[in-house]
Every structure is written in structure tokens, then in C-alpha cells.
Amino acid sequence: MGPYYYSLGSQILNFDTPENPDIAHTLLQTFIGRFRRIMDSSQNSYNEDTSALVERLDCLEKGLFRSGQRGLNGFQSWEKGQATQLTASSLVLNYRKRKITNMQP
């Protein structure tokens, strides 16, 4: 694999070729297969040298790994009482309560 595996694959999908469904399936299956291992590695490598692992990842996967590491570091800080203040997620802030409409039988 190369450092731009997913980006290249998604750019190839812009061309109208009969192989597009196979390419899309391969990209998806590759991501699904690697996602859990990447997240597990990011969560179980606290205070360890991860350069050898990260070196083999695609750019998208490196970002995913870094996000997992940031989440773990934030959790560790919170657990130790070093977190300054908890904040609500942007998803929660943007969520609007829906009104229940009268449902007729």
C-alpha cells in the first residue's frame, strides 16, 4: 500500500470504468478490515513509541490513529483530574429537540 491508498482509489472512482464497483468494494473492505486494528493500536499504546506502526499507515489511517491517541490522552488527563473543563460535543450542541407531532391511528 502507498501513503495515499484511499485517496487514489477514490479518485480512480471518478472515471467511468467497469471496474468501479470492484474498486469501491476493495477500498471499503480494506478500511473495514484495518479500522479496528488501528483504533485498538491507538488506544493500547499509551506512552509508547508508535513510529514504526504509524509509518506503514495511509494518510487517512494516520489521521485516524492520531484521533484515537488524542482521545486516549484526553481520557487519561480527565481520569487523573488534570482536565480543565468538560465541554459538550458539537453534535450535542447542534442537536435540536424534535417536537412530537400528534400521531393519528
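Residues numbered from 1 in each chain as written. Predicted model: local features only at pLDDT ≥ 70, side-chain atom pairs only at ≥ 80, totals over all residues. Heavy atoms only, no water.

Caption draft 1: Here's a closer look at the overall build of the chain. Within the chain, the regular secondary structure consists of 5 helices and 0 strands. Listing the helices and strands of the chain from first to last along the sequence gives α-α-α-α-α. Within the chain, contacts between residues separated by at least 24 positions form 56% of all contacts whose residues are at least 6 apart in sequence. (Helix = DSSP H or I, 4+ residues; strand = E, 2+ residues; numbered from the N terminus. Contact = heavy atoms within 4.5 Å.)

Caption draft 2: Inspection of the confidence of the model for the chain at higher detail. For the chain, per-residue confidence averages 83 on the pLDDT scale, and residues scoring 70 or more make up 88% of the total. Per-residue pLDDT, averaged within each element of the chain, yields its smallest value for helix α5 (residues 90-94) (77) and its largest for helix α2 (residues 20-43) (91). (pLDDT = per-residue confidence, 0-100.)

Caption draft 3: Geometry of the packing of helix α1 (residues 5-12) against α2. For the pair α1 and α2, the least separation of the axes is 9 Å and the interaxial angle reads 155 degrees. Between α1 and α2, the angle is such that the two are roughly antiparallel. α2 is crossed by α1, and the crossing has left-handed handedness. Contacts between α1 and α2 involve Y5, Y6, G9, S10 and I12 from the former and N20, I23, T26, L27, T30, F31 and R34 from the latter. For the contact of α1 with α2, the residue count by class is 6 nonpolar, 5 polar and 1 charged. (Axes fitted to C-alpha atoms, helices over the stretch in contact; angles between N-to-C directions. Parallel < 35°, antiparallel > 145°, perpendicular 65-115°, else oblique. Left-handed = near helix turned anticlockwise from the far one by under 90°. Nonpolar A, V, L, I, M, F, W, Y, C, P; charged D, E, K, R; others polar.)

Caption draft 4: Summary view of a nonpolar patch on the surface. A grouping of L8, I12 and F15 is seen on the molecular surface, where their side chains present a nonpolar patch of about 310 Å² in accessible area. Position of L8 among the secondary structure elements: in helix α1. (Patch = residues over 30% accessible without salt bridge, like charges linked within 9 Å, V, L, I, M, F, W, Y side chains within 5 Å. Areas by Shrake-Rupley, 256 points an atom, 1.4 Å probe, with all protein chains shown as cover. Salt bridge = Lys/Arg side-chain N within 4 Å of Asp/Glu carboxyl O.)

Caption draft 5: The packing of aromatic side chains, seen in detail. A full pass over the atoms with the stated rule returns 4 aromatic pairs. Measuring from centroid to centroid gives 5.7 Å for Y6 and F31, while their planes differ by 85 degrees, and the two rings are edge-to-face. Here Y6, found in helix α1, pairs with F31, found in helix α2; they are 25 residues apart in sequence, far enough to count as distant. Taking relative accessible area as the criterion, F31 reaches 27% and is therefore assigned partly exposed. Ring plane angle 35 degrees and centroid distance 5.8 Å describe the contact between F75 and W78, whose orientation is recorded as tilted. Placement of the pair is F75 and W78 together in helix α4 (residues 59-79), with a separation of 3 residues, close to one helical turn. Feature note: the residues Y5, Y6, F31 and F35 constitute an aromatic cluster, connected by ring pairs. (Phe/Tyr/Trp six-rings, centres within 6.5 Å; stacked < 30°, edge-to-face > 60°. Buried < 20%, exposed > 50% of the residue type's maximum accessible area, 1.4 Å probe, protein only.)

Caption draft 6: Seen up close, the packing of α2 against α4. Put simply, α2 and α4 touch, their axes get as near as 8 Å, and they point 35 degrees apart. As α2 runs across α4, the sense of the crossing is right-handed. When α2 is examined against α4, the residues F31, R34, F35, I38, M39, S41, S42 and Q43 are found in contact with a partner set consisting of L60, E61, L64, F65, G68, Q69 and L72. Split by residue class, the contact of α2 with α4 holds 8 nonpolar, 5 polar and 2 charged.

Caption draft 7: Representation of the pattern of salt bridges in the model. Here the structure, examined in full by the defined rule, presents 2 salt bridges. Two residues, R34 and E61, come together in a salt bridge whose shortest N-O distance is 2.6 Å. In this pair, R34 is assigned in helix α2 and E61 in helix α4, connecting sequence segments 27 residues apart. According to the relative accessible area criterion, E61 is buried, its value standing at 0%. A salt bridge links R36 to D40, with the nearest nitrogen and oxygen atoms 4.0 Å apart. Here D40 and R36 lie together in helix α2, a separation of 4 residues that amounts to about one turn. Since its relative accessible area comes to 39%, D40 is described here as partly exposed.

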